[in-house]
Amino acid sequence: MRRNKKRERLARQPQKSKVADLAQARSRRQKQKIRKMLLWVVPLTLLFVWFVGRNSAALVSAGDFVETLRIGMVKGQGYPQNTGITELYQWKRMNGGFVALGQESCVFYTDKGVKMRSIQAGYARPAISAGDTRFVLYNRGGTELRVEGRSKNLYTQSYTGGILLCEMGADGSLAVVTEDPSYTAQMQVYPNSMENPLTWKMTAKEGMPLRMAFSPSEKQLAVATLSAVNGETVSNLYVLDRAKKQETLVDTRTGNIPLAVEWVGDTLLVAYNDSVVAYQGKKGAVAEFALSGQVLTDYSLMPNGRMALLLTSGSTSDIVLLDKTLKETCRITVEAGNKVVLTKTGVYLCTDSNVVCYSLEGLYAWHKSGDMRPQGLLQTKAGLLEFRGGVVEKCTNPNPE
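Source: prediction; values computed, not measured.

Asker: Please explain the overall build of the protein as it appears in this structure.
Answerer: Regarding its fold elements, the protein presents two helices and 32 strands. Buried positions account for 45% of the 401 residues belonging to the protein. Of the contacts made within the protein by residues no fewer than 6 positions apart, 38% connect residues no fewer than 24 positions apart. Here the protein displays about 21,900 Å² of accessible surface, and carbon together with sulfur accounts for 52% of that area.

Asker: How should I be thinking about the pattern of salt bridges in this particular structure?
Answerer: Summed over the entire model, instances satisfying the criterion amount to 12 salt bridges. As a salt-bridge pair, R253 and E288 come within 3.4 Å of each other at their nearest N and O atoms. Here R253 is found in strand β17 (residues 246–254), whereas its partner E288 is found in strand β21 (residues 284–290), with 35 residues between them in sequence. Judged by its relative accessible area of 46%, E288 falls in the partly exposed class.

Asker: What should I look at first to understand a positive patch on the surface in this one?
Answerer: Residues R26, R28, R29 and K33 make up a contiguous surface patch of positive charge. Within the secondary structure, R26 is located in helix α1 (residues 2–54).

Asker: Can you help me understand the sheet that holds strand β3 (residues 97–102) in this one?
Answerer: By definition, the strands of a sheet pair up through backbone hydrogen bonds, in either a parallel or an antiparallel sense. One open sheet holds the four strands; their spatial order is β2-β3-β4-β5, and the pairing between them is antiparallel. The outermost strands of the open sheet, each flanked by one partner alone, are β2 (88–94) and β5 (115–119). Within the sheet, the average angular offset between the axes of one strand and its neighbour, ignoring direction, is 15°. Pairing of strand β4 (residues 106–110) with β5 involves four bridges; the strand directions are antiparallel. Within β5, the position partnered with Y109 by the bridge is K115.

Asker: Looking at this structure, I do not really get unusual backbone geometry. What am I missing?
Answerer: For residues besides glycine, phi is generally negative; the peptide bonds are generally trans as well. A cis amide bond links Y79 with the next residue in sequence, P80, at an omega value of 20°. On the secondary structure map, P80 appears in the loop between α2 (58–73) and β1 (81–82). For N196, which is not glycine, the phi dihedral falls at a positive 50°. One can find N196 in the loop between β12 (183–190) and β13 (198–202). For S292, which is not a glycine, the phi torsion comes out positive at approximately 55°. Mapped onto the elements, S292 comes out in the loop between β21 and β22 (295–301).

Asker: What is the right way to read the packing of aromatic side chains from this model?
Answerer: What the rule picks out here adds up to seven aromatic pairs. Ring geometry for W200 against Y238: centres 5.6 Å apart, planes inclined by 80°, an arrangement best described as edge-to-face. Of the two residues, W200 sits in strand β13 while Y238 sits in strand β16 (residues 232–241), which places them 38 residues apart along the sequence. As far as the burial class goes, W200 and Y238 line up, both buried. What links up through ring pairs into an aromatic cluster is the set Y79, W91, F98, Y109 and F387.

Asker: I keep staring at the pairing of strand β18 (residues 258–264) and nothing clicks. Help me out?
Answerer: In regular strands, side chains alternate between the two faces of the sheet. Burial analysis of β18 places five of its seven residues in the buried class, the great majority of the element. Pairing analysis gives six bridges linking β18 to strand β19 (residues 267–272), with the strands arranged antiparallel. What sits directly across from V261, in β19, is V270. The turn joining β18 and β19, which pair antiparallel and follow one another in sequence, is formed by two residues; a positive phi near 65° is taken by G265.

Asker: Where do I start with the sheet that holds strand β32 (residues 391–394) in this structure?
Answerer: Pairing within the open sheet is antiparallel, and its four strands lie in the order β1-β32-β31-β30. Each edge of the sheet is formed by a strand with only one pairing partner; in this case those strands are β1 and β30 (374–380). Bridge count for β1 against β32 is two bridges, and the pairing is antiparallel. By the bridge assignment, Q81 is partnered in β32 with V392.

Asker: Help me out: how do you make sense of the environment of N82 in this one?
Answerer: The topology assignment puts N82 in strand β1. Taking the C-alpha atoms as reference points, N82 and K115, separated by 33 residues in sequence, lie 9.9 Å from one another. For N82, the contacting residues outside a window of four places in its chain are Y109, G390 and V391. Of the polar contacts made by the side chain of N82, one reaches the backbone nitrogen of G84; its length is 3.1 Å.

Reading the values: the criteria
Residues numbered from 1 in each chain as written. Predicted model: local features only at pLDDT ≥ 70, side-chain atom pairs only at ≥ 80, totals over all residues. Heavy atoms only, no water. Helix = DSSP H or I, 4+ residues; strand = E, 2+ residues; numbered from the N terminus. Buried < 20%, exposed > 50% of the residue type's maximum accessible area, 1.4 Å probe, protein only. Contact = heavy atoms within 4.5 Å. Areas by Shrake-Rupley, 256 points an atom, 1.4 Å probe, with all protein chains shown as cover. Salt bridge = Lys/Arg side-chain N within 4 Å of Asp/Glu carboxyl O. Patch = residues over 30% accessible without salt bridge, like charges linked within 9 Å, V, L, I, M, F, W, Y side chains within 5 Å. Lys, Arg positive; Asp, Glu negative; His and termini not counted. Charge placed at Lys NZ, Arg CZ, Asp CG, Glu CD. Pairing = 2+ DSSP bridges. Axes fitted to C-alpha atoms, helices over the stretch in contact; angles between N-to-C directions. Phe/Tyr/Trp six-rings, centres within 6.5 Å; stacked < 30°, edge-to-face > 60°. Polar contact = N/O pair within 3.5 Å; in protein donor to acceptor, adjacent residues only side chain to side chain.

Shown next, in the form of structure tokens:
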């Protein structure tokens with residue numbers, strides 16, 4: 001009996017040892033998982049703390065990021081979509097969709113065809129300027145503006161002087177030009193938090209701002225102004241350095257009117273009534289394309305710097321394609337048009353009744369007609385969209401082979 005009990009004790013001891021070893025192994029694995037997790041959590045936490053410390057608008061950016069994710073998750077039926085806008089004033093591409101403005105309302109649609117916003121502002125002379133995740137809706141000559149996100153209102157701002165011009169940067173910086181009884185105009189440049197704006201009191205020497213554009217980093221703001229000196233129009237081009245809080249005069253032209261200002265990387269493009277000029281930092285003007293007496297009706301600019309100009313002379317128009325150095329690569333003589341859009345694969349023209357597509361080599365490809373006149377074209381992630389009779393639909397070849 002004693003021998004049997006001793007054998008039983010000896011048999012049980014290894015089992016207890018195995019159980020203890022198994023528990024220790026589990027504990028070691030658990031500690032390893034925690035250590036691996038800390039290898040990710042600690043650096044990410046430090047990165048977040050650094051980011052918040054360096055960027056006062058971090059929470060605003062985080063909100064925009066969350067909104068972008070939510071918009072991407074919303075399912076829709078795609079296009080066509082009836083916007084309810086009878087006459088299109090402006091429409092701008094944004095991250096995840098587009099914003100469109102008419103006299104009756106301002107709407108935001110996602111790339112999947114979902115209406116996220118419909119704003120009835122009731123402005124007499126409404127206008128918009130859009131960035132990646134927000135846009136400004138303002139009343140030209142009025143005193144109120146609204147900074148709108150893609151799903152909600154962010155800020156409403158009122159001024160004592162009438163609003164003349166607004167420009168929204170890609171990341172949400174905002175430049176506002178208002179009337180000032182003691183100056184030609186007053187400009188306020190806000191960060192995306194809409195706090196502590198930089199103020200520039202502009203005199204007759206600087207002129208009245210007509211066109212503005214933020215650089216991609218939003219550290220600089222290009223401002224094209226117009227004034228009258230000895231009976232002649234004078235256009236000044238300034239670049240405002242927001243960090244140094246000072247403006248630099250880049251160019252002065254007599255007899256020229258600035259029509260558009262755009263940035264392509266660190267190159268500043270300005271379209272005047274008689275030419276298109278490229279500027280680079282301290283070098284000044286580095287390239288120029290003369291319009292040769294034709295009227296610039298519209299233009300389209302690609303992110304890589306390629307450009308399409310719609311030039312009108314009498315009852316006919318020319319589409320001129322330029323490379324990033326402003327050298328002409330192709331010229332297409334077309335019927336009179338009013339809108340042009342350049343894409344990676346072709347160039348599109350809006351006429352009074354049709355949308356006409358040409359290849360980048362200038363060859364006719366196809367056209368699309370309808371009962372209503374086309375009011376605009378917009379290149380988005382959903383493809384090329386066409387606005388016609390209040391309806392937005394994809395613009396594709398109606399008779400593909």
